[in-house]
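What the coordinates show
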Amino acid sequence: MYESILIKDIEIIFERDTQIGDLYLQNGQVKAFDWHLNFPAELVLKGKGLTAIPGCIDTHVHLRDFDLKDKEDFNFGTRAAAAGGFTTVFDMPNTQPPTISLDALAQKRQKAAAHCLVNYGFYLGATKNNLTELNKAQNIPGLKIFMGSSTGNLLLDQESDLQNIFKNTDKLILVHAEDEQIIMENTRKYMCEQDVSVHAKIRSREAELKAVQKAVKLAKLYHKRLHILHITAAETVAFLRKEKVAGLITAEVCPQHLFLHGPEAYEKLGNFAKVNPPIRDQRDSMTLWQGLKDGVLDFIATDHAPHTIEEKIKSYHEAPSGMPGLETALPLMLNMVNTGKCSMYDINKWLSQNQVKTFGIPNKGYIRRGYDADLTIVDMKTKRKVTNRKLQTKCGWSAFDGMTLQGWPVMTIVNGNIVYREGDIFDQIKGQEVNLT
Ligand code: DOR
Ligand code: ZN
């Protein structure tokens, strides 16, 4: 741990311009930036040829732990975050035990303080009868509702239950939007199909659109803040383009839906491409990119959802849904910058700033004097293959294994501490719970 770090000659991506100079971090904060600084520092780093961006924030991860620690845990999951350039992660409640009470939240907090290497926050999961208790929770980013069934058993698809939540909470509501009835009908219809490509037929575009329409209607009716998780379908983007109300409704997209599409992804990856909601067609991916560019989709979240290889190689109907994403999201995006498809300002917006705006996270998302020294330093020239055996995530695989990408994080700084540097993890560094109040 260093009390102060001076990074010389580094390129910094600010909100609207890029500058090269010296960056001084002290006591966990950004203290100064100028073309030449002479401050005494415990550690002086050469930044020449490297680029600093605000630490990336992933507001949708499944760190598992507890009874699901065979898949992932706080330590491995946040090692993956650090290696992937993420300085803050928000963890989902479909764990075992599920995070559906203040007690379960307290347990997570206690364990995370000892094991998380980056900053973190915890969602609570809504059930039929826990709203009164959840409303008392302090400092949580939001309440998650599974409108369609997925990993875990937090399904909440009854209209009256949904109404009750939208009516009676002032917390941000996050929805996994897939219509359970449509999923069930299609599951029956395609019961005998064994090929994973049927996944997109079972969890159809209609299933997503119907649930999104329902949630948007409730948010407008009760005037509640709604965040829609992992949008996948072209039709949903079109609907949101018309119906999304600024300041009330936000939406996210995942790398797997931007970068992978059927039939190729299913042919190549089998069940390793099985995620909820599913990977769809090229037409959908293209529409998602458009939605991201024009702001219909606010930001990127990974939905890092590791499962073991043993589970994933089971038959289609048995294999669980989900894939890891923390270590590939940023390189995938930096590679897009290198190929001229988006800019570093887009990266700042889609991986830090719009998360900060959506969740009201103070002192993060920008490289500014007095802000937290959460920084991701990237080398835009490094070209490397995604390689399963080099990953930090406990599950040990990636859907992007073998893909050559140019632009990689080389250092991740959390609260002024170097937690990742060129392949090495410094796991004596611990993150903190994000202060959302
Ligand atoms: O693919 C998914 N995996 N979608 C979800 O909704 C849950 C996640 C998980 O926790 O495995
Ligand atoms: Zn998820």
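Structural notes, computed from the coordinates. (Residues numbered from 1 in each chain as written. Chains lettered and ligands numbered in written order. Predicted model: local features only at pLDDT ≥ 70, side-chain atom pairs only at ≥ 80, totals over all residues. Heavy atoms only, no water.)

1. Overview of the environment of R384
For R384, the location among the structural elements is in strand β15 (residues 375-385). Note on R384: relative accessible area 34%, which makes it partly exposed. In contact with R384, other than residues within four places in its own chain, are M403, T404, L405 and W408. (Helix = DSSP H or I, 4+ residues; strand = E, 2+ residues; numbered from the N terminus. Buried < 20%, exposed > 50% of the residue type's maximum accessible area, 1.4 Å probe, protein only. Contact = heavy atoms within 4.5 Å.)

2. Some details on the pattern of salt bridges
Applying the stated criterion to the full structure yields 25 salt bridges. Of the charged contacts, one joins K210 and D179 as a salt bridge, the two residues approaching to 3.9 Å between their closest N and O atoms. Taken as a pair, K210 in helix α7 (residues 205-222) and D179 in the loop between β11 (173-176) and α5 (180-189) lie far apart in primary sequence, 31 residues in all. Looking at D179, the relative accessible area reads 5%, which means it is buried. E243 is the partner of K220 in a salt bridge, and the nearest nitrogen-oxygen pair spans 2.7 Å. Of this pair, K220 sits in helix α7 while E243 sits in helix α8 (residues 234-243), and the two are 23 residues apart along the sequence. Given a relative accessible area of 32%, K220 falls into the partly exposed group. (Salt bridge = Lys/Arg side-chain N within 4 Å of Asp/Glu carboxyl O.)

3. Here's the deal with the state of the cysteines
Each disulfide consists of a covalent bond between the sulfur atoms of two cysteine residues. On inspection of all chains with the given rule, the structure shows zero disulfides. Free of any disulfide, C56 has its nearest cysteine sulfur in C342, 12 Å distant. Considering cysteine sulfurs only, C56 is the nearest to C254, which forms no disulfide, with 15 Å between them. (Disulfide = S-S within 2.5 Å.)

4. Some words on the site of ligand 1
Not every one of the 14 residues close to ligand 1 is listed here, only the nearest: R64, N94, S150, T151 and N276. Contacts to ligand 1 include T151, whose side-chain N or O atom sits 2.8 Å from an oxygen atom. Between ligand 1 and N276 there is a distance of 2.8 Å, counted from an oxygen atom to a backbone nitrogen or oxygen. Alone, ligand 1 offers 290 Å² of accessible surface; in the complex the protein occludes 100% of this. The class makeup of the residues in the shell around ligand 1 is three nonpolar, nine polar and two charged. (Near = heavy atom within 4 Å. Polar contact = N/O pair within 3.5 Å; in protein donor to acceptor, adjacent residues only side chain to side chain. Areas by Shrake-Rupley, 256 points an atom, 1.4 Å probe, with all protein chains shown as cover. Nonpolar A, V, L, I, M, F, W, Y, C, P; charged D, E, K, R; others polar.)

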